[in-house]
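# Chains, contacts and geometry: an overview
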Amino acid sequence: MSSPEIIDTDVVGSSEHPSVSAASPPSVPQRISAPEGEAYFNRELSWLAFNERVLAEASNERYPLLERLRFLSISGSNLDEFMMIRVAGLVGQAQRGIARPAIDGRTPTQQLAAIREKLAAISARQQNIFRELHELLADADIHIADEQRVKPAAHQWLEAFFLEEILPVITPQALDPAHPFPFVHNEGMGLLFTLTRDADQEQIIEMILIPTALPRFVRVPGDIAGAGEALYISIASLIQRYAKKLFPGFTIEGDGLFRVLRDSDIEIEEEAEDLVRTFRSAIQRRRRGQVIQLELEDDFDPQAEGILLEQLGVHEAAVIKTDGMIGIDGLSEIVDEDRPDLKFDAYSPRYPERVREHDGDVFSAIREKDIVVHHPYESFEVVVDFIRQAAADPEVVAIKQTLYRAGAQSAVINALIEAAESGKSVTAVVELKARFDEEQNLKWATKLERAGVQVIYGFTDWKTHAKIAMVMRREDNGFRTYCHFGTGNYHPVTAKVYTDLSFFTADPKLGQDAAKMMNFVTGYVEPSGLERIAIAPLNLRETIYERIDAEIANAARGKPAAIWIKCNQITDQGMIDRLYAASDAGVSVELVVRGICCLKPGVPGLSENIRVKSIIGRFLEHSRIYAFANGEPLPGPGARVYIGSADLMGRNLDRRVESLIPILNRTVHDQVLQQVLLANMLDVEQSWWLHADGSYARVENAPEGDMKPFNCHRYFMTNPSLSGRGGALEAGGVPKLSLRKGRAG
């Protein structure tokens, strides 16, 4: 099973659609005493710091051993995507002579130099952790053989497996003028062998590309490896081990493994006549992009290395040599080993209590009052049931839904198909530009269209990232619109590991706004008279600015003034400056930012009233929640609370269709603010403070006095469902969190 994605690393860069215009941001009140470039952290270096926090979890001794290996694998897949997208973009800018500085003042060339210095340290740390885990796994009877000796029985099985399963599908190719250098695809791995022909002592170099259809590791059957033992060997090591079977009549002088990463960004012409055809072509081009990184074993033959560098056109690419494992992400295959004792205890999400109380009727439950569902602690199945029941309900006339990432096996897609086949009017906005899911989304779009779904691809140059599903139902008093607003994708796999919120409502005004938003995406009809929802790129930025400015005004009047934000990244300079202005005005600003943060907290004269922390734990924090005190102490009933799909990044605010949803229902407001958001503020065991110098330190190691151990993931796993339990919350059936002495942390 592949590792779940940890961060979306889209490259910023798209222009406005000619038929609509983004709202101009208001002027920014600010007082920044630091020089312009010194007021912000570099985006790319901040991302690397995030991945270092992910990597640190691989050394977390509180975690089971295979979970530590999972974090190591995730750090590898994260780093690969970073290289293929972010570094590739910087390389392209440097090659074109673009010297436009980043938010911290660094040019693309300067950023690349800093990144490569950091990469070397991260790669070395990954290998050190792998060596440590390698030994611990062996102690737990999980062996990764590689070059070490194996038992005779295992050797016989491996040799037979090589001859029967590997040898027929690999193709050795000599590298000489008569044999053109083969193409090495993105993420491709290969072996170079330096050989001497026994007959005439002529030296030749042979390449073997490892087919992608093969797994990264082979597991020797348990009865052969030994009782209770698991023995793995990488395909590359297996080929090296039995290479003499490939090259009879030759002496093997040396061999070396390499791996290639290529530029994987997709650029689409604004005037593309056929978006689907354009994306199909772009996906093919991605596989042949410029080489961005070349990984080599550190004892790689110099002559063979020279050939690789020349033939692959490695100029601006990073060349990383290691004496450890190449392709750390491949360890995810070993994580799947059936050893429950070495993994987190199995967790089964609860089905929302409110829906159960209505005998499973989702629409009856929503009619009673708004519902919030907290994934992955509460089952994503309720979202599927929302669409599935709509498909089967004869009173439902129409369904509209956005689809950004839906996964390879999607019950949501099947429910939409079922609805269309049963005669419902079904509209699906399928986003083709969801990075690395473009091909899957094209397949879903084709399948949906064949079933009679009206498939819309949205804007050519903006991504539709909002998470909205609408169901129009005929009832006694006319038509009623039921809405689902989410902070995460309609993806049944990631919904088991990402923390997100699902908000169900039949509020007429929210339904009207959602309909206008859908018309904006499907027909470029710019909405007017929005009453509740804020939409990017039209007025979402302005709405958040207005709320920040209101806190600044309250601070000036001596009223309580505070801002709590939970999001995944903060990179937008306008937003950062606005938060700096709030800090300068005396507003208390608490930020939970999982990944990239370009804002510098705790800088005198700039941000002394801002604190930033990151939560990295068993689940991936993904929900976006924005809370503003509104003249009362936080957390309180008068706070303005919003959930949404957007992070505070330029791309989300200006180049994507996003939604920001106000939470007005009293029960849901209390649950989102005083349960979900407050628990994140109080978390200690999984949190890291961001310091003014850009370093991160675990919160539990900080001298915070009365900071008691608290793990927000454990809290939500072990406490009753939040969904629709307003009465239970007030009666004490659900533990109500409260602030400890001092500020939330």
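Scroll up a little and you will see the structure.
Cut-offs and rules
- Residues numbered from 1 in each chain as written.
- Predicted model: local features only at pLDDT ≥ 70, side-chain atom pairs only at ≥ 80, totals over all residues.
- Heavy atoms only, no water.
- Pairing = 2+ DSSP bridges.
- Helix = DSSP H or I, 4+ residues; strand = E, 2+ residues; numbered from the N terminus.
- Axes fitted to C-alpha atoms, helices over the stretch in contact; angles between N-to-C directions.
- Contact = heavy atoms within 4.5 Å.
- Core = buried A, V, L, I, M, F, W, Y, C linked by side-chain atoms within 4.5 Å.
- Buried < 20%, exposed > 50% of the residue type's maximum accessible area, 1.4 Å probe, protein only.
- Salt bridge = Lys/Arg side-chain N within 4 Å of Asp/Glu carboxyl O.
- Polar contact = N/O pair within 3.5 Å; in protein donor to acceptor, adjacent residues only side chain to side chain.
- Expected span 1.5 Å × (residues − 1).
- Arc of directions from axis to C-beta.

### A closer look at the sheet that holds strand β5 (residues 217-220)
Pairing within the open sheet is mixed, and its 3 strands lie in the order β1-β6-β5. The two strands at the open ends of the sheet, each matched to only one other strand, are β1 (142-144) and β5. Strand-to-strand twist across the sheet, computed as the mean angle between neighbouring axes with direction ignored, equals 25°. With 4 bridges joining them, β5 and strand β6 (residues 230-234) adopt antiparallel strand pairing. Each residue of the ladder has a partner; that of Arg-219, found in β6, is Tyr-232. Contacts from helix α4 (residues 152-166) reach β5 and β6, with the element oriented near 135° to β5.

### Quick word on the nonpolar core
Counting residues in hydrophobic clusters, the biggest one holds 94 residues, and the most contacted among them are Leu-72, Leu-331 and Leu-591. At 15 residues, the largest contribution of residues to this core is made by helix α2 (residues 65-95). Among the nonpolar cores identified, the runner-up in size contains 52 residues, and Ala-466, Cys-483, Val-521 and Leu-634 belong to it.

### Concerning the pattern of salt bridges
Going through the model one piece at a time under the given rule, you end up with 36 salt bridges. A salt bridge links Arg-388 to Glu-381, with the nearest nitrogen and oxygen atoms 3.0 Å apart. On the accessibility criterion, Arg-388 (31% relative accessible area) is partly exposed. Between Glu-621 and Lys-566 there is a salt bridge whose closest N-O contact spans 2.9 Å. Here the residue Glu-621 occupies a position in strand β22 (residues 620-621), and Lys-566 occupies one in strand β19 (residues 562-567), the gap between them amounting to 55 residues. The pair Glu-621 / Lys-566 is uniform in exposure class, with both members buried. Because the salt bridges share partners, they merge into one network encompassing Asp-80, Glu-187, Arg-216, Arg-259, Glu-295 and Asp-329.

### Considering the pairing of strand β24 (residues 640-644)
Among the 5 residues of β24, 4 are classified as buried, and the element is accordingly described as predominantly covered. Where strand β23 (residues 624-628) lies against β24, 5 bridges are found, and the strand directions are antiparallel. Among the inter-strand pairings, Phe-628 is bridged to a residue of β24, identified as Arg-640. Two strands pair when backbone bridges link them, and β24 and strand β25 (residues 656-662) are joined in this way by 3 bridges, in the antiparallel orientation. Across the sheet, the residue bridging to Ile-643 is Ile-661, located in β25.

### Side note on the environment of Asp-393
Here Asp-393 lies in the loop between α12 (381-392) and β11 (396-403). Separated by 80 residues in sequence, Asp-393 and Arg-473 place their C-alpha atoms 8.7 Å apart. If we skip the residues at most four places from it in the chain, Asp-393 touches Lys-424 and Arg-473. Reaching out from Asp-393, the side chain makes a polar contact with the side chain of Arg-473 at a distance of 2.6 Å.

### Here's the deal with helix α14 (residues 438-450)
Spanning 13 residues, α14 covers 19 Å between terminal C-alpha atoms, matching the ideal 18 Å at 1.5 Å per step. All of the buried residues along α14 are Glu-438, Asn-441, Leu-442, Trp-444, Ala-445 and Leu-448. In an axial view of α14, the angular spread of the buried residues amounts to 165°, which keeps them on one side of the axis. Away from its buried face, by an angle of more than 90 degrees, α14 presents the exposed residues Lys-443 and Arg-450. Of the residues trailing α14, Gly-452 is marked for its positive phi of about 100°.

Purely geometric stuff here, so don't read any function into it on its own.
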